[in-house]
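Overview (structure and organization)
Each chain is listed here by its residues.
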Amino acid sequence: MIKFGDYNMLKVKREASFGLYLDKETGNTSDDILLPNGNIVGDTPKIGDEVQVFIYRDSKDRLIATMKKPKVTVDNFAVLKVTSVTEFGAFMDFGLERDILVPKREMKYTMVPGNEYLVFIYEDKTGRLAASTEVGRYLDIPEEEQYQVGETVTGIVYDKQTNGTLEVAIEEKYMGIVLKNEYFTDINPGDRVTGTIKRVLEDGRISFTPRKKMIEAKEELSDTILDYLKEHDGFMPYNDKSTPDEIRKQFNSSKNYFKISLGNLMKKGLIRQDEKGTHLK
């Protein structure tokens, strides 16, 4: 039984000028699978040799074999790069001559050529390999106590809800989320995020935050504010009256952390504020 989109051990049955035919073991010569010369890696196998090959379909939808290694096999996840986008989908490089297609219906968001995204590889209704950004339905829930609150995890964003919540594939396997109030930078599908687990939800998803612990965040933000002032002649048009949106855009921080950092710097006598902004003393 041939495993389509996966590796198979097949025996070389006959030769041709353009490649080798591998025995599909159906008893029918017309079912033999071609291993083109261009898909042979290393020494050319001889008749009777068994070779490990990956099976997929060529441009004419015929089963074809290759000794080259694709980046992913069927029913698995992979982070792949977009090579082009067309009106019917996006093509991604998965390591072989033919790029793999993400059909339009399987694109949850706009994909940009050159960017990498997490996708799931599947066999479509026509018997071809395809990729989907709808990875959430294939991700697993971690086992109980597999992850602990306070533990650091890393994942790749695979969707962004309308309310700003990020859906993240932790270790490219497990379902995780980052709430909108837990990040202050522009994060989108394909971006990687690292953070600390806040809690494990009832449905098994992992809620985590990329925000650093308060003391670390305040110290880092204080240094950032001082650097900004030094680089702008000792003045910035931001103070504790600035809007949360202004603070987020300029300093990638919440207004609360910003006000705390300003307060600490004023206590140290390093800055002063007025209605125009903040000055370096």
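In this report, the structure presented in the accompanying data block is examined. (Residues numbered from 1 in each chain as written. Predicted model: local features only at pLDDT ≥ 70, side-chain atom pairs only at ≥ 80, totals over all residues. Heavy atoms only, no water.)

1. Digging into the side chain of serine 242
- Here serine 242 lies in the loop between β16 (235–236) and α2 (244–251).
- Take serine 242: its relative accessible area is 5%, and that puts it in the buried class.
- In this structure the side chain of serine 242 is engaged in a polar contact, spanning 3.0 Å, whose partner is the backbone nitrogen of asparagine 239.
- Discounting residues that sit within four places of it in the chain, serine 242 has contacts with Pro237, Ile247 and Lys255. (Helix = DSSP H or I, 4+ residues; strand = E, 2+ residues; numbered from the N terminus. Buried < 20%, exposed > 50% of the residue type's maximum accessible area, 1.4 Å probe, protein only. Polar contact = N/O pair within 3.5 Å; in protein donor to acceptor, adjacent residues only side chain to side chain. Contact = heavy atoms within 4.5 Å.)

2. Section: the environment of valine 102
- With respect to the helices and strands, valine 102 occurs in strand β8 (residues 100–103).
- What makes valine 102 buried here is its relative accessible area of 0%.
- Apart from the residues lying within four places of it in its own chain, the contact partners of valine 102 are Phe88, Gly89, Ala90, Met92, Met107, Met111, Ala131, Ser132 and Thr133.

3. So, the sheet that holds β16
- In space, the three strands of this open sheet follow the order β16-β18-β17, with antiparallel pairing throughout. Every other strand in the sheet has two partners, leaving β16 and β17 (271–274) as the edge strands with one partner each.
- Direction of pairing for β16 relative to strand β18 (residues 277–280): antiparallel, over a ladder of two bridges. Its bridge partner being in β18, methionine 236 is matched across the sheet by threonine 278.
- Of the strands in this sheet, β16, β17 and β18 are in contact with helix α3 (residues 255–267), which crosses β17 at around 120 degrees. (Pairing = 2+ DSSP bridges. Axes fitted to C-alpha atoms, helices over the stretch in contact; angles between N-to-C directions.)

4. Focus: α3
- The end-to-end C-alpha distance of α3, which contains 13 residues, comes to 18 Å, matching closely the 18 Å that a straight helix rising 1.5 Å per residue would cover.
- Looking at α3, one finds that the buried residues are Tyr257, Phe258, Ser261, Leu262 and Leu265. For α3, the angular spread of buried residues about the axis comes to 135 degrees, placing them on one side.
- In the segment just after α3, glycine 269 is the residue with positive phi, at about 75 degrees. (Expected span 1.5 Å × (residues − 1). Arc of directions from axis to C-beta.)

5. Quick look at unusual backbone geometry
- One non-glycine residue, aspartate 61, lies in positive phi territory at about 65 degrees.
- Structurally, the position occupied by aspartate 61 is in the loop between β4 (50–57) and β5 (63–66).
- In this structure, aspartate 233 is a non-glycine residue whose phi angle is positive, near 55 degrees.
- With respect to the helices, strands and loops of the structure, aspartate 233 is situated in the loop between α1 (214–231) and β16.

6. Let's talk about the environment of leucine 80
- Within the secondary structure, leucine 80 sits in strand β6 (residues 77–86).
- The exposure class assigned to leucine 80 is buried, which follows from its relative accessible area of 1%.
- Setting aside residues up to four positions removed in sequence, leucine 80 forms contacts with Lys71, Val72, Met92, Asp93, Phe94, Ile100, Asn115, Glu116, Tyr117, Val119 and Ile121.

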